[in-house]
Amino acid sequence: MSEGLDYKFLIDTFFVALSGVPIALAITIVALMVALPLGFILALSRINRFPVLHRFAQIYVSFVRGTPIIVQIFIVYSSIPLLLDSIVTKYNFEMNVYDVNPIWYAFIVFSFNTTAILIEVFRSALNTVSKGQLEAAQSVGLTNVQAFRRIIIPQTLVVALPNICTATVNLIKATSLGYALSLQEITLRAKVAANVGYNYVEAYIDIFLVYLILCSLVEYIFKLYEKRLIKYKAVNA
């Protein structure tokens with residue numbers, strides 16, 4: 001067994017791991033596109049205590065908080081193909097459900113998980129905005145949609161943005177569990193490369209570096225956006 005790190009393998013595999021970044025980013029972007037509007041709507045339902053949605057959101061958040069994401073992945077990955085297969089068989093569709101690209105299951109499970117997180121992020125952020133501001137907007141002739149778009153949402157984002165950033169970074173890191181879906185993302189690509197020479201230490205260092213760089217860039221982008229929203233803090237003060 002060779003001693004020390006294999007630096008050639010370390011460098012080569014860094015780029016192998018880097019090639020999995022587009023998959024991680026695709027999952028992250030799709031999950032956020034689904035979770036941001038849904039999380040906001042369900043957060044409003046909890047604040048305003050809409051009868052059915054309020055209770056649904058409570059149970060939904062409790063379920064996601066109380067179960068590991070890897071378990072959620074296995075549930076989705078094992079149950080959805082069975083459900084689809086029963087539908088395809090019943091209606092005689094010509095489709096092999098087991099040929100579905102696993103990235104679609106990743107979109108579902110990570111959107112499902114992230115939505116629950118953002119419900120609580122938006123709920124706490126919305127509670128910091130005075131209810132009188134909505135009434136003031138209505139008194140000057142703004143509709144509810146205009147009031148939310150011009151006044152409520154910008155102020156909510158100022159408060160929520162650090163937590164949205166944290167949720168996004170955690171989401172990116174959670175995509176490393178995509179190996180359970182056989183997704184060719186960062187972790188799986190590096191581990192497959194390590195199988196040949198058992199260079200697992202080098203592979204894990206590469207995985208660490210790629211996620212560190214990726215998450216640092218995302219945090220930097222959020223900080224830039226936060227500076228653009230800072231003007232709304234004065235309104236909320």
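To be clear, the structure that these remarks concern was listed above.
First, a word on what this report is: a plain description of the structure on this page.

Analysis parameters
- Residues numbered from 1 in each chain as written.
- Predicted model: local features only at pLDDT ≥ 70, side-chain atom pairs only at ≥ 80, totals over all residues.
- Heavy atoms only, no water.
- Helix = DSSP H or I, 4+ residues; strand = E, 2+ residues; numbered from the N terminus.
- Expected span 1.5 Å × (residues − 1).
- Buried < 20%, exposed > 50% of the residue type's maximum accessible area, 1.4 Å probe, protein only.
- Contact = heavy atoms within 4.5 Å.
- Axes fitted to C-alpha atoms, helices over the stretch in contact; angles between N-to-C directions.
- Left-handed = near helix turned anticlockwise from the far one by under 90°.
- Nonpolar A, V, L, I, M, F, W, Y, C, P; charged D, E, K, R; others polar.
- Core = buried A, V, L, I, M, F, W, Y, C linked by side-chain atoms within 4.5 Å.
- Salt bridge = Lys/Arg side-chain N within 4 Å of Asp/Glu carboxyl O.

## Some remarks on helix α4 (residues 69-91)
- The end-to-end C-alpha separation of α4 is 33 Å, in line with the 33 Å expected for 23 residues at 1.5 Å each.
- For α4, the complete set of buried residues consists of Ile 69, Gln 72, Ile 73, Val 76, Ile 80, Pro 81 and Val 88.
- In this structure, the buried side of α4 is in contact with α3 (51-66), α5 (103-126) and α7 (144-174).
- Of the residues one or two after α4, Asn 92 is the one with positive phi, at around 55 degrees.

## Focus on the packing of α3 against α5
- As a packed pair, α3 and α5 sit with axes 9 Å apart at the nearest point and diverge in direction by 115 degrees. Relative to α5, the crossing made by α3 is left-handed. Where α3 abuts α5, its residues Tyr 60, Val 61, Phe 63, Val 64 and Arg 65 lie against Ser 111, Phe 112, Asn 113, Thr 115, Ala 116, Ile 119 and Glu 120.
- Among the residues forming the contact of α3 with α5, the class breakdown is 7 nonpolar, 3 polar and 2 charged.

## As for the packing of helix α2 (residues 21-47) against α3
- Here α2 crosses α3 at 115 degrees, and the two axes come no closer than 8 Å. The two elements α2 and α3 meet at a crossing, and its hand is left-handed. Between α2, through Leu 42, Ser 45 and Arg 46, and α3, the contact on the second element is made entirely by Leu 53, His 54, Phe 56, Ala 57, Gln 58, Tyr 60 and Val 61.
- When its residues are assigned to classes, the contact of α2 with α3 shows 6 nonpolar, 3 polar and 1 charged.

## Looking at the nonpolar core
- Formed by 38 residues in total, the largest nonpolar core has its most connected members in Leu 118, Phe 122, Ile 164 and Ile 186.
- Secondary structure elements with two or more residues in this core: α1 (7-18), α2, α5, α7, α8 (186-195) and α9 (200-229).
- A per-element tally of this core places α7 first, with 11 residues.
- Non-local contacts of Ile 186, meaning those with residues more than four positions away in its chain, are made with Ala 17, Gly 20, Val 21, Ala 24, Ile 207, Val 210, Tyr 211 and Leu 214.
- Of all hydrophobic cores here, the second largest spans 19 residues; its members include Ile 103, Ala 106, Phe 110 and Leu 171.

## Things to note about the pattern of salt bridges
- If you walk through the whole model with that rule in mind, you get 4 salt bridges.
- Notably, a salt bridge pairs Arg 46 with Glu 120, separated by 2.6 Å at the nearest N-O pair. Taken as a pair, Arg 46 in helix α2 and Glu 120 in helix α5 lie far apart in primary sequence, 74 residues in all.
- A residue is classified by how much of its surface remains accessible, and Arg 46, at 13% relative accessible area, is buried.
- For Glu 120, a relative accessible area of 13% translates into the label buried.

Honestly, that's just the spatial picture; any functional story needs more than this.
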